Amino acid sequence: MTSTITRRRALMAGAAVAAAASPAVAAGLGAPSGDTAIGKLWAEAETLRGKLDAYAADVAAAERLGGIPGWMRLSGEAHALGQARYEALVSILKATPATADDLRLMARAAQSNDMANGPQLWAARQTREALASFAAA
């Protein structure tokens, strides 16, 4: 039952972030350039995700235990890569967006598996606040 509630909350948080990001997406944003702080962090997170793919089966098996991202249950390099990626995602969500692409990347970070299975409500709130701040500027 708790798993169902957690999944429902994650879906609701993801929907809120997607709705907040929709105006930016509708504006026809291209691929992020990576020249902003958030763009560079996103590139780092994606590089780490690629490296973590070597442990995909182990991560998936640990993920089925529920409650937290699978890499958190592992040790060694898999855990270190997952932790570094998670820290990059958190840094993205704490950063101040400079462009509309940054907002899109923040929304993607907020919807990542690490956030959905972890601090999804915090991630959604950070993105909403960034969107409001960006729109006011």
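Structural data are supplied above this passage.
The residue count restarts for each chain, going from 1 along the sequence in the order it is written. The predicted origin of the model limits local features to residues at a pLDDT of at least 70 and limits the giving and counting of side-chain atom pairs to 80 or more, whereas totals for whole chains, interfaces and linings rest on all residues. Each side-chain value is derived from all of the structure's non-hydrogen atoms; neither hydrogens nor water enter the calculation.

**Some details on the overall build of the protein chain**
Secondary structure summary: the protein chain contains 7 helices and 0 strands in total. N-terminal to C-terminal, the α/β element order of the protein chain is α-α-α-α-α-α-α. Relative to its 137 residues, the protein chain shows a buried fraction of 35%. Any two residues having at least one pair of non-hydrogen atoms within 4.5 Å are treated as being in contact. Here the contacts in the protein chain between residues at least 6 apart in sequence split such that 70% fall between residues at least 24 apart. Within the structure as shown, the protein chain displays about 7500 Å² of accessible surface, and the carbon and sulfur contribution to it stands at 58%. By the criteria applied, helices consist of DSSP H or I runs no shorter than four residues and strands consist of E runs no shorter than two, each listed in order from the N terminus. Any residue under 20% of the maximum accessible area for its type is buried, any over 50% is exposed, and the rest in between are partly exposed; the area is computed with a 1.4 Å probe on protein chains only. Working definition of accessibility: Shrake-Rupley area with a 1.4 Å probe, residue cover restricted to the visible protein chains.

**Some remarks on the layout of surface pockets**
In this structure, the second largest pocket encloses a volume near 190 Å³. Definitions used for this entry: grid spacing 1 Å over protein atoms alone; cavity, a set of points where a 1.4 Å probe fits but cannot get out; pocket, an open set with protein on both sides within 12 Å along at least 5 of 7 lines; lining residue, one with an atom within 4 Å of a point. Arg-49, Leu-52, Asp-53, Ala-56, Val-59, Glu-63, Trp-71, Arg-85, Ser-112, Asn-113 and Asp-114 are the residues that line the second largest pocket. Of all elements in the fold, only α2 (37-52), α3 (56-63) and α6 (113-116) reach the threshold of two or more residues within the lining of the second largest pocket. No other element matches the 3 residues that α3 contributes to the lining of the second largest pocket. Charged means Asp, Glu, Lys or Arg here, nonpolar means Ala, Val, Leu, Ile, Met, Phe, Trp, Tyr, Cys or Pro, and polar covers whatever is left, Gly included. Grouping the amino acids of the lining of the second largest pocket by side-chain chemistry returns 4 nonpolar, 2 polar and 5 charged. Grid points are joined across faces, edges and corners, and a volume is the space filled by probe spheres set on the points.

**What about the packing of helix α4 (residues 76-94) against helix α5 (residues 100-110)?**
Packed helix pairs are characterised by how far apart their axes lie and by the angle those axes make with each other. Contact geometry for α4 and α5: axes closest at 9 Å, N-to-C directions at 135°. What the angle tells us is that α4 and α5 run oblique. Handedness of the α4/α5 crossing: left-handed. Contacts between α4 and α5 pair Leu-89, Ile-92 and Leu-93 from the former with Leu-105, Met-106, Ala-109 and Ala-110 from the latter. Looking at the contact of α4 with α5 residue by residue, the classes come out as 7 nonpolar, no polar and no charged. For helices, the fitted line uses only the C-alpha atoms of the stretch in contact; every axis is such a line through C-alpha atoms, and the angle between N-to-C directions lies from 0 to 180 degrees. Should an angle fall under 35 degrees it is taken as roughly parallel, and over 145 as roughly antiparallel, whereas 65 to 115 is taken as roughly perpendicular and any remaining angle as oblique. Crossing chirality is assigned from the near helix's rotation relative to the far helix, an anticlockwise turn below a right angle marking it left-handed and a clockwise turn marking it right-handed.

**Some points on the packing of aromatic side chains**
Each Phe, Tyr or Trp ring (for Trp, its six-membered ring) is paired with any other whose centre lies within 6.5 Å, and the angle between the two planes then decides the class: stacked below 30 degrees, edge-to-face above 60, tilted in between. Scanning all chains against the criterion turns up 1 aromatic pair. Between Trp-71 and Tyr-86, the ring centres sit 6.2 Å apart and the planes meet at 50°, which makes this aromatic pair tilted. With Trp-71 in the loop between α3 and α4 and Tyr-86 in helix α4, this residue pair connects regions lying 15 residues apart in the sequence. Residue class for Trp-71 comes out buried when judged on its relative accessible area of 2%. Taking relative accessible area as the criterion, Tyr-86 reaches 18% and is therefore assigned buried.

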